[in-house]
Amino acid sequence: VASRDVAHTQATDHRILRRPGLQPKLTDLDAQPKPAVPQLAPFPVSAGPADTRDLALAWDALVRRGNEQLAQKARALLAQALQTNPNDAAVATGLAYMEQKSGNTIQAQEHYQQALRSDPGQLDAAVDLGVIEAQSGDPRAALKLWQDAFRRAPAHSAIGIDLALVSCDLGQVAEARHYLDRVLRFNPDMAMARQFLAHLNSQPPRCEP
């Protein structure tokens, strides 16, 4: 029997005889008629109009993957979906990201905060709002957002690197080392984290990845 995934699957064909000269005896089970194999049917396509929210999030995903030319359409759909449900954290985060990319920092902040009010565990909203806070000259606000995000998602190494950078800039070298140690626990091959930790352990410590 063919195996499609050779790297992870081994297939054994039990029809191969151990002694090719001997023919197997038919059992009562072999003599029974085989049940008909059910035929696959095509999945029905919805004939109704596409949901605005689903379209908005789909276009948002395309923009995040590099299709910048779709940003205007995605932004319009996200704004329309958010008007329908202002408590939709995913839509608010998507719209905030579009505003942030367009340089509309105030609107982006508002929508990120709106998303976090609806869902305090919205990871993307917390991380990107922290970037805005850090760039706006409030690193302690960024630290607070990133610390909670890193606690929820310790495998997201980029958050740990940002935490280490801001902590080091604030003179909290021990805290910066702690974040890098945590990054390396989950991502031991991350060269940037290793190099950054080496810089922190030098004399004097250097806040450089």
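The following paragraphs examine the structure supplied in this document. (Residues numbered from 1 in each chain as written. Predicted model: local features only at pLDDT ≥ 70, side-chain atom pairs only at ≥ 80, totals over all residues. Heavy atoms only, no water.)

Summing up its helical and strand segments, the protein chain has 10 helices and zero strands in all. The N-to-C order of helical and strand elements in the protein chain reads α-α-α-α-α-α-α-α-α-α. Per-residue burial for the protein chain yields a buried fraction of 32% across its 209 residues. The contacts of the protein chain with a sequence gap of at least 6 include a subset with a gap of at least 24, amounting to 41%. Carbon together with sulfur atoms contributes 53% to the accessible area of the protein chain, which is approximately 14200 Å² in total. (Helix = DSSP H or I, 4+ residues; strand = E, 2+ residues; numbered from the N terminus. Buried < 20%, exposed > 50% of the residue type's maximum accessible area, 1.4 Å probe, protein only. Contact = heavy atoms within 4.5 Å. Areas by Shrake-Rupley, 256 points an atom, 1.4 Å probe, with all protein chains shown as cover.)

The subject of this paragraph is the side chain of E99. Structurally, E99 is set in helix α4 (residues 89-101). On the basis of relative accessible area, E99 is assigned to the buried category, the value being 8%. Sequence-distant contacts of E99, that is, excluding residues within four places in its chain, are made with R75, N104, Q107, A108 and H111.

Moving on: helix α8 (residues 157-169). Across its 13 residues, α8 extends 19 Å between first and last C-alpha, which sits within 8% of the 18 Å expected from 1.5 Å per residue. Buried within α8 are the following residues: S157, I159, G160, I161, L163, A164, V166, S167 and C168. Of the residues one or two after α8, G171 is the one with positive phi, at around 85 degrees. (Expected span 1.5 Å × (residues − 1).)

What follows is about the packing of aromatic side chains. Going through the model one piece at a time under the given rule, you end up with one aromatic pair. Across the ring face of Y97, the terminal group of R64 is positioned such that the distance to the ring centre comes to 4.0 Å. (Phe/Tyr/Trp six-rings, centres within 6.5 Å; stacked < 30°, edge-to-face > 60°. Lys NZ or Arg CZ within 6 Å of the ring centre and 35° of its normal.)

This part is about the side chain of D60. Its place among the elements puts D60 in helix α2 (residues 52-64). If we skip the residues at most four places from it in the chain, D60 touches A74, L78, G94, Y97 and M98.

So, about the environment of L77. Here L77 lies in helix α3 (residues 71-84). Taking the relative accessible area as the measure of exposure, L77 reaches 9% and is therefore buried. In contact with L77, other than residues within four places in its own chain, are T52, L55, A56 and W59.

This part is about the pattern of salt bridges. The final tally for this structure, using the stated rule, is seven salt bridges. Among the charged side chains, a network of salt bridges with common partners joins D148, R151 and R152. (Salt bridge = Lys/Arg side-chain N within 4 Å of Asp/Glu carboxyl O.)

A complete count under the given rule lists one disulfide for this structure. Shown here is the disulfide that connects C168 with C207, its sulfur atoms set 1.9 Å apart. The sign of the -80 degrees torsion about the S-S bond sets the C168-C207 disulfide as left-handed. Of this pair, C168 sits in helix α8 while C207 sits in the segment after α10 (191-200), and the two are 39 residues apart along the sequence. (Disulfide = S-S within 2.5 Å.)

In this structure, N85 sits in the loop between α3 and α4. Remark: the alpha-carbon pair of N85 and R53, spanning 32 residues in sequence, is separated by 9.3 Å.

Time to look at the nonpolar core. One recurring pattern in soluble globular proteins is that nonpolar side chains are buried together. In this structure, Y112, W146, I159, L163, L180, A193 and L200 are the most contacted members of the largest nonpolar core, which totals 48 residues. Examining the composition of this core, we find that seven residues originate from one element, α4, more than from any other. Dropping the residues within four chain positions of it, L180 is found in contact with I161, A164, A193, F196, L197 and L200. (Core = buried A, V, L, I, M, F, W, Y, C linked by side-chain atoms within 4.5 Å.)

Below, the discussion takes up helix α7 (residues 139-152). In this model, α7 (14 residues) spans 20 Å end to end at C-alpha, consistent with the 20 Å of a helix rising 1.5 Å per residue. On the buried face of α7, the contacting elements are α5 (105-118), α6 (123-135), α8 and α9 (173-186).

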